[in-house]
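# Reading the structure
Here's the letter readout for the chains.
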Amino acid sequence: PMIASSYRKIQETSTSSSIPPTDTGKALAADAEEGIRDRARLVDATVLEKFVKEVLFHRGSPISCGDRLKVELLRLSDLFLVYATGDVEPVRKEMVRFCWGLLKSEDTPCKSWSYIVVCRFISAFETSSKIILQVCAALLRSHQQEGKELVRNALDLLIPSLPKRLSEEEFRKV
């Protein structure tokens, strides 16, 4: 009953609206685009700084929590890198430090997501060739069946950035 009455109200409003039916789709698209811009403003450099200093690093040391939470923090870090790359710049060293510490994790999903985030960093920011070669070699040596798809995703992020980040001699080594 409640849904039906809400639906009727929406229909009445849309038929009595001054926007012709053909323009309704355009108006909705404009509203959706505005909503996307608003969401983009939700995360800025101050939010990322708080995330890194209060969530990833509690009192200066990496957070001690379960592997599932670490995976979710890594996934969130990956999203920040995808959608707010420019805002990550001030805290990128701390984020890489968090991920780098998890590369040695015994938990396969945690380790694989760490590689994904590190590879996203390599593709987004200037990185030492020594680090790039270490990450590439470790991913190519990976043999665990459980994280195979995540390792493939990490390699998909890393490989296109290799010619930009490595010299010709180092690229041949890979």
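Above: the structure in question.
Because the structure is predicted, anything quoted here is derived from the model rather than measured.

Cut-off values and rules
- Residues numbered from 1 in each chain as written.
- Predicted model: local features only at pLDDT ≥ 70, side-chain atom pairs only at ≥ 80, totals over all residues.
- Heavy atoms only, no water.
- Core = buried A, V, L, I, M, F, W, Y, C linked by side-chain atoms within 4.5 Å.
- Buried < 20%, exposed > 50% of the residue type's maximum accessible area, 1.4 Å probe, protein only.
- Helix = DSSP H or I, 4+ residues; strand = E, 2+ residues; numbered from the N terminus.
- Contact = heavy atoms within 4.5 Å.
- Phe/Tyr/Trp six-rings, centres within 6.5 Å; stacked < 30°, edge-to-face > 60°.
- Arc of directions from axis to C-beta.
- Axes fitted to C-alpha atoms, helices over the stretch in contact; angles between N-to-C directions.
- Left-handed = near helix turned anticlockwise from the far one by under 90°.
- Nonpolar A, V, L, I, M, F, W, Y, C, P; charged D, E, K, R; others polar.
- Disulfide = S-S within 2.5 Å.

## Focus: the nonpolar core
Among the nonpolar cores identified, the biggest contains 41 residues, and Leu56, Leu74, Val88, Val135, Leu139 and Leu158 are the most heavily contacted of them. Only helix H3 (45-56), helix H4 (67-83), helix H6 (92-102), helix H7 (108-124), helix H8 (129-141) and helix H9 (148-158) provide two or more residues apiece to this core. Ranked by residues supplied to this core, first place goes to H7 with nine residues. Beyond its immediate sequence surroundings of up to four residues, leucine 74 is in contact with Phe98, Cys99, Leu102, Cys110, Trp113, Ser114 and Val117.

## So, the packing of aromatic side chains
For the structure shown, the criterion picks out three aromatic pairs. Taking the centre distance of 5.1 Å and the plane angle of 80° together, the rings of phenylalanine 51 and phenylalanine 80 count as edge-to-face. Note that phenylalanine 51 is positioned in helix H3 and phenylalanine 80 in helix H4, a separation of 29 residues in sequence. For the pair phenylalanine 51 and phenylalanine 80, a shared accessibility class is recorded, and that class is buried. Residues phenylalanine 121 and phenylalanine 125 carry aromatic rings whose centres are separated by 5.8 Å and whose planes lie at 35° to one another, so their mutual orientation is tilted. For the pair phenylalanine 121 and phenylalanine 125, a shared accessibility class is recorded, and that class is buried.

## Describing H6
All of the buried residues in H6 are Met95, Phe98, Cys99 and Leu102. Seen from one end, H6 has its buried residues packed into an arc of 90°, which puts them on one side. Residues Lys93 and Gly101 are exposed on H6 and point more than 90 degrees away from its buried face.

## Section: the packing of H3 against H6
At a minimum axis distance of 10 Å, the contact between H3 and H6 shows a crossing angle of 35°. Relative to H6, the crossing made by H3 is left-handed. For the pair H3 and H6, the contacting residues are Val52, Lys53 and Leu56 in the first and Glu94, Met95 and Phe98 in the second. Partitioned by chemical class, the residues of the contact of H3 with H6 number four nonpolar, no polar and two charged.

## Section: the state of the cysteines
On inspection of all chains with the given rule, the structure shows zero disulfides. With no disulfide of its own, cysteine 65 has cysteine 110 as its nearest cysteine by sulfur position, at a separation of 8.3 Å.

## A few points about the environment of threonine 108
Position of threonine 108 relative to the elements: it lies in helix H7. Considered as a pair, threonine 108 and lysine 148 are 40 residues apart in the sequence and their alpha carbons are 9.6 Å apart. What threonine 108 contacts, discounting residues up to four positions off in sequence, is Gln144, Glu146 and Gly147.

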